[in-house]
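# Examining the three-dimensional arrangement
Below are the chains, spelled out letter by letter.
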Amino acid sequence: MSTVSVPLPAWINYGLIPLLNLILAFFFSGLVVWGIGENPFEALQLLLIGALGRGEGIGFTLFYTTSFIFTGLSVAVAIHAGLFNIGSEGQAYLGGLGAALVALAMDSYVPWYVTMPFAVIGAALFGAACAAIPAWLQAKRGSHIVITTIMFNFIVSSLMNYVLVRVLIVPGKMAPETRTFLPGGQLPKLDWLIAMFGGKIGAAPLNFSFLIALIMCFLVWVLIWRTKLGYEMRTLGISPTAASYAGIRYSKIVMITMLISGGLAGMMALNPVMGASARLQIEFVGGAGFVGIAVSLMGRNHPAGIVLAALLFGILYQGGAELSFDMPSITRDMIVVIQGMVILFAGALEYMLRPAVVRLYQQLTGK
Amino acid sequence: MSLDSPKEPAIELVGIDKKFGTVHANKNINLTVAKGSIHGIIGENGAGKSTLMSILYGFYQADHGEIRISGKPVTIRDSQTAIAAGIGMVHQHFMLVENFTVLENVMLGAEGGQLLAKGVASARKELKRLEDDYGLEVDPDAVIEELPVGNQQRVEILKALYRGAEILILDEPTGVLTPAEADHLFKVLRVLRDQGKTIILITHKLREIMAITDTVSVMRRGEMVATRKTAETTVEELAELMVGRRVLLRVEKGAANPGAVLMSVRNLTVKDSRGVTMVDNVSFDVRAGEIVGIAGVAGNGQSELLEAIAGIRKPSSGEILIDGKPVAGLDPAGLRDLGLAHIPEDRHHMGLVLKFEEYENSILGYHHDAKYGRGPFLDLDAMRKDAEEKIAKYDIRPPNPRLRTANFSGGNQQKIVVAREIERDPKMLIIGQPTRGVDIGAIEFIHKRIIEMRDAGKAVLLVSVELDEIRSLSDRILVMFAGKVVGEKSGEAGEQTLGLMMAGIAA
Ligand SMILES: Nc1ncnc2c1ncn2[C@@H]1O[C@H](COP(=O)(O)OP(=O)(O)OP(=O)(O)O)[C@@H](O)[C@H]1O
Ligand SMILES: [Mg+2]
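Conventions used here
Residues numbered from 1 in each chain as written. Chains lettered and ligands numbered in written order. Predicted model: local features only at pLDDT ≥ 70, side-chain atom pairs only at ≥ 80, totals over all residues. Heavy atoms only, no water. Contact = heavy atoms within 4.5 Å. Buried area = accessible area lost by both parts, 1.4 Å probe. Salt bridge = Lys/Arg side-chain N within 4 Å of Asp/Glu carboxyl O. Polar contact = N/O pair within 3.5 Å; in protein donor to acceptor, adjacent residues only side chain to side chain. Patch = residues over 30% accessible without salt bridge, like charges linked within 9 Å, V, L, I, M, F, W, Y side chains within 5 Å. Areas by Shrake-Rupley, 256 points an atom, 1.4 Å probe, with all protein chains shown as cover. Lys, Arg positive; Asp, Glu negative; His and termini not counted. Charge placed at Lys NZ, Arg CZ, Asp CG, Glu CD. Helix = DSSP H or I, 4+ residues; strand = E, 2+ residues; numbered from the N terminus. Near = heavy atom within 4 Å. Nonpolar A, V, L, I, M, F, W, Y, C, P; charged D, E, K, R; others polar. Domains from an automatic or database assignment. Expected span 1.5 Å × (residues − 1). Buried < 20%, exposed > 50% of the residue type's maximum accessible area, 1.4 Å probe, protein only. Core = buried A, V, L, I, M, F, W, Y, C linked by side-chain atoms within 4.5 Å. pLDDT = per-residue confidence, 0-100. Phe/Tyr/Trp six-rings, centres within 6.5 Å; stacked < 30°, edge-to-face > 60°. Lys NZ or Arg CZ within 6 Å of the ring centre and 35° of its normal. Pairing = 2+ DSSP bridges. Axes fitted to C-alpha atoms, helices over the stretch in contact; angles between N-to-C directions.

Let's shift gears to the interface of chain A and chain B. Interface size is commonly expressed as the accessible area that is lost once the parts come together. At the junction of the two partners, chain A supplies 27 residues and chain B supplies 37 residues. Here chain A and chain B share an interface that buries about 2800 Å² over both sides, 59% of which is from carbon and sulfur atoms. When the shortest N-O distance is used, the salt bridge between arginine 234 of chain A and glutamate 360 of chain B registers 2.7 Å. The tally of links between chain A and chain B comes to 16 residue pairs in polar contact (both at pLDDT 80 or more).

Quick look at the structure:
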């Protein structure tokens, strides 16, 4: 209790403690692996090599990272204004529709770089639209945003089922998906990026949206720490009473914040829809929205932290897939358990080690 | 209990030293507190009083130094060890569970045993005994949030006693109390002392020090500079010891020169969130170049009145006019644009965002001003430069705009708010409790600034529960009781007259 107020240097707060949490998560994951009769060190090695060993692995890792950056930013922006947006999953899903409609409309007429800005806007608009109603309900009616955004995940899921099965499906086909976009509706691979480090991208779907994600990180940083709007968001997030004293309008900030948050989630769709599969498929988000919550939490809601946390989860996703391939007794579900451990220790139990670290720090520095 | 027979010390602090980064909050402090005495600690804002007490209570660890309790050296690692050593602390911001009952709060963390029912019965008995012994009456089954502040404080004291505290630390306990509640608190403290408990009292009110303490120690800039027997010192000496120079305990002011009416309140009625009428059909004017003081016991509608004028709370009927024009529907931002500045009563919840760095707070509410940025962007360099100027002018310590606001001492936090609101050069200034938790040197400073505002032709509305403050600043005094303005007096009105009016007895 008393140690919460003790100030620690930044390198301990943002470096050492997350690292210890991570080690703990891997330790317990190792126990699980050992429990089913596999060698945990070998498993860890396979995981790391799978994720980072070759150009193709890195390409996959960064592909997942891209999605997690978008959803992590989405969650973080909302948290700065004191809002817990659990609906990034649904917002990303609807964002996919926005991106796909743009791609379908333009791909046969213009090259990709003309389509791209419109697709970014389309994805963001649809994502924002999905966040708009929960935002309005919170701002004007006081319905809790956590509840409404969760509900919207289900609503969007049903809506997209309908759209893909009844409207956008290619006539005569069985799969609920759109037609494949022409190159004018696709985002190019970043083979040159991997090549710069002497690797080959192979089949990895790493694409241009990775760069868009990095740009968004910078823009979010500017928004939160360098603009008046960001200042108002942070004021509201920390102290609603101080915000009302300062004349910061609650409903306005809630609306704007959620639209931005939803927009960022929507942009996540660019990566799988226009970058990887070149078509809109059912359930393409695959949980990235929820991973975004963990990413934001681990990254302390800061874009730089979010990039690192997203990279970590990218490694776990890609390395995990390789691992379950190489060690058949470690199934996909086991990988989910390991990811769960990381979320548990690095996110939820963030403060578990803090008192001990504080004590040690005090002893070492003689305070 | 004669003062001459040396009593054994309850607490000895030997060579306590504490730094926060470059701020040397406690410098080699030695302090001995006699058992069964009330020991006052005074000092300017940021002198290090709260830090010293936090070290004694285990919130912080000293860099060097030793703590001895009843002669035995102890290491106090956290509040649990402090409690085990018999030290209890009454925080300025109460640490109570608002929707628990008194009994539940007292028991919390000290339930004793696995079965709650058994613990409850014995706790109830023990609580009753403590209440009777020390005159700390509160209904054990009352829910905390429904109790007046004074009673909540009693619960804090009961909590400490229930845990077996022999030493009780009170950090600025009277800041939030009405005069009657404060009197009662002092009665309780005397009873506690007479029963052998040791009490450390931090306060900025020298009158309280003179009234209740046996010994008083003075801190200045992290050092313990003097200890006196209370009976052998005077308010003037203490003030000088604290600040290092002579202090005007009452600021000089010339005659007012009132001009046009700038702010009018017409038949204003304000209800609180439960629909209870807090301000009842109130009307008055404030002219340019005058200070109108609103006197009253806390909780008689002053807070709601201020919030309504500031645009934070919607009135249920009546009008507020600025420059003759009704301002219904304007929010605080709109009112600021009309030249209304507001120093709120509650700096922690309204005036400041405690997690922000100082310079971020020094623009709160004015962040759209052209000098703090262009278009949608903030100009951090301009903000910091502006903050540095205010820090220098208002002697805010430590002079670091990058420090988290929560890490400034209470009085310096208040100066951050005052500087922000006054330096904007508003036309009208509404002020709630401008000097709550502020040291006498800073009170003098803030009072001077308020009078300067008046002399520069601003309209000033001042709400304070400190009658002294109202009397020394106001040109006209309105007395509020039960939501109504029950009378108006000139600034020279006597304490007695005002006191009776505040109690709702005479008009
Ligand atoms: N956690 C902290 N980090 C950095 N500086 C701190 C911290 N806590 C206190 N300080 C600094 O230490 C000094 C002493 O502060 P302290 O709160 O003890 O003063 P105080 O005597 O209680 O003042 P006040 O009368 O205004 O309450 C101040 O300069 C304050 O800014
Ligand atoms: Mg203090």
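Further notes follow.
On the surface, Lys140, Arg141, Arg249 and Lys252 of chain A cluster together to form a positively charged patch. With respect to the helices, strands and loops of the structure, arginine 249 of chain A is situated in the loop between helix H10 (240-245) and helix H11 (250-267).

With that out of the way, let us pick up the site of ligand 1. All names here are of chain B. The local shell around ligand 1 holds 20 residues, among which Gly46, Lys49, Ser50, Thr51 and Asn407 are the closest. Between an oxygen atom of ligand 1 and a side-chain N or O atom of threonine 51, the distance comes to 2.5 Å. At 2.9 Å, a backbone N or O of glycine 411 approaches an oxygen atom of ligand 1. Protein burial of ligand 1: of its 640 Å² of free accessible surface, 92% is covered by the chains. Taken together, the elements giving at least two residues each to the shell around ligand 1 come down to strand E2 (23-34), helix H1 (49-56) and helix H14 (410-423). Broken down by element, the shell around ligand 1 gets its largest block of residues, three residues, from H1. Across the shell around ligand 1, the residue classes tally to seven nonpolar, 10 polar and three charged.

With that settled, consider the domain arrangement of chain B. Structurally, chain B comprises domain 1 (1-86 + 166-247), domain 2 (96-163), domain 3 (250-339 + 428-507) and domain 4 (354-425). For domain 2 of chain B versus domain 4 of chain B, the separation of C-alpha centres amounts to 41 Å.

With that settled, the discussion passes to helix H3 (residues 55-80) of chain A. Over its 26 residues, H3 of chain A runs 36 Å from end to end, which matches the ideal 38 Å to within 8%, given 1.5 Å per residue. Counting buried residues in H3 of chain A gives 21 out of 26 residues, a clear majority hidden from the surface.

So, about the nonpolar core. Ranked by internal contacts, the top residues of the largest apolar core, which has 146 residues, are Leu270, Met274, Leu280, Phe313 and Val342 of chain A. In terms of residue count, helix H4 (residues 88-106) of chain A provides more of this core than any other element does, 10 residues in total. Each of domain 3 (250-339 + 428-507) and domain 4 (354-425) of chain B accounts for three or more of the residues forming this core. In contact with methionine 274 of chain A, not counting residues within four places along its chain, are Ala99, Ala103, Thr115, Ala119, Phe181, Gly185, Gln186, Leu187 and Ala269 of chain A. Residues Val90, Ile144, Ala182 and Phe186 of chain B belong to the second largest nonpolar core, which totals 35 residues.

Moving on to the pattern of salt bridges. Residues and elements named next belong to chain B. All chains considered together, the criterion is met by 41 salt bridges over all chains. Across the pair glutamate 66 and arginine 68 runs a salt bridge, and its minimum N-O distance is 2.7 Å. On the basis of relative accessible area, arginine 68 is assigned to the partly exposed category, the value being 24%. For aspartate 386, the salt bridge goes to lysine 390, with nearest N and O atoms at 2.9 Å.

Residues and elements named next belong to chain B. Overall, the prediction assigns chain B a mean pLDDT of 90, with 97% of residues at 70 or greater. Counting contacts from residues 1-5, a segment whose pLDDT is below 50, to residues more than four positions away or on other chains yields four contacts. Here the predicted complex carries an ipTM of 0.86, next to a pTM of 0.87.

The next subject is the packing of aromatic side chains. Applying the stated criterion to the full structure yields 13 aromatic pairs over all chains. An angle of 5 degrees between the planes, with centres 5.2 Å apart, marks the rings of phenylalanine 28 of chain A and phenylalanine 345 of chain A as stacked. Placement of the pair is phenylalanine 28 of chain A in helix H1 (residues 10-35) and phenylalanine 345 of chain A in helix H15 (residues 332-348), with a sequence separation of 317 residues. Since its relative accessible area comes to 7%, phenylalanine 345 of chain A is described here as buried. By way of ring pairs, the aromatic residues Phe63, Tyr64, Phe68 and Tyr317 of chain A are connected into one cluster. In this structure, arginine 336 of chain B is placed above the aromatic ring of tyrosine 245 of chain A, and the distance from its NZ or CZ to the ring centre is 4.9 Å. A cation sits over an aromatic face here: arginine 336 of chain B above tyrosine 366 of chain B, 5.3 Å from the ring centre.

For the rest of this paragraph, the subject is the environment of phenylalanine 284 of chain A. All names here are of chain A. Tracing the chain through its elements places phenylalanine 284 in the loop between helix H12 (270-277) and helix H13 (288-298). Using a relative accessible area of 13% as the deciding quantity, one classes phenylalanine 284 as buried. A sequence separation of 12 residues divides phenylalanine 284 from proline 272, and the C-alpha atoms of the two residues are 7.1 Å apart.

What follows deals with the side chain of asparagine 45 of chain B. All names here are of chain B. Locating asparagine 45 in the fold gives a position in the loop between strand E3 (38-43) and H1. Here the side chain of asparagine 45 touches histidine 204 through a polar contact of 3.4 Å, side chain to side chain. With residues near it in sequence (within four places) discarded, asparagine 45 still touches His204, Ser409, Gly411, Asn412, Gly437, Val438, Asp439 and Ala442.

Residues and elements named next belong to chain B. Within the open sheet, the six strands sit side by side as E16-E17-E18-E13-E19-E20. Their pairing is mixed. In this open sheet, the two edge strands, each paired with only one partner strand, are strand E16 (340-343) and strand E20 (484-490). Averaged over all neighbouring strand pairs, the angle between strand axes comes to 15 degrees, with direction disregarded.

Another point: a nonpolar patch on the surface. On the surface, Phe27, Phe28, Leu31 and Trp34 of chain A cluster together into a nonpolar patch covering about 440 Å² of accessible area. Mapped onto the elements, phenylalanine 27 of chain A comes out in helix H1.

Here we take up the pairing of strand E9 (residues 215-220) of chain B. Within a regular strand, side chains alternate between the sheet's two faces. All names here are of chain B. Among the six residues in E9, five count as buried, and that is most of the element. With five bridges joining them, E3 and E9 adopt parallel strand pairing. Looking across to E9, one finds that glycine 40 is bridged to valine 216. Pairing analysis gives six bridges linking E9 to strand E10 (residues 223-229), with the strands arranged antiparallel. Bridge assignment links serine 217 to a residue of E10, and that residue is threonine 227. Hairpin connection of E9 to E10: two residues between the antiparallel strands, including arginine 221 at a positive phi of 45 degrees.

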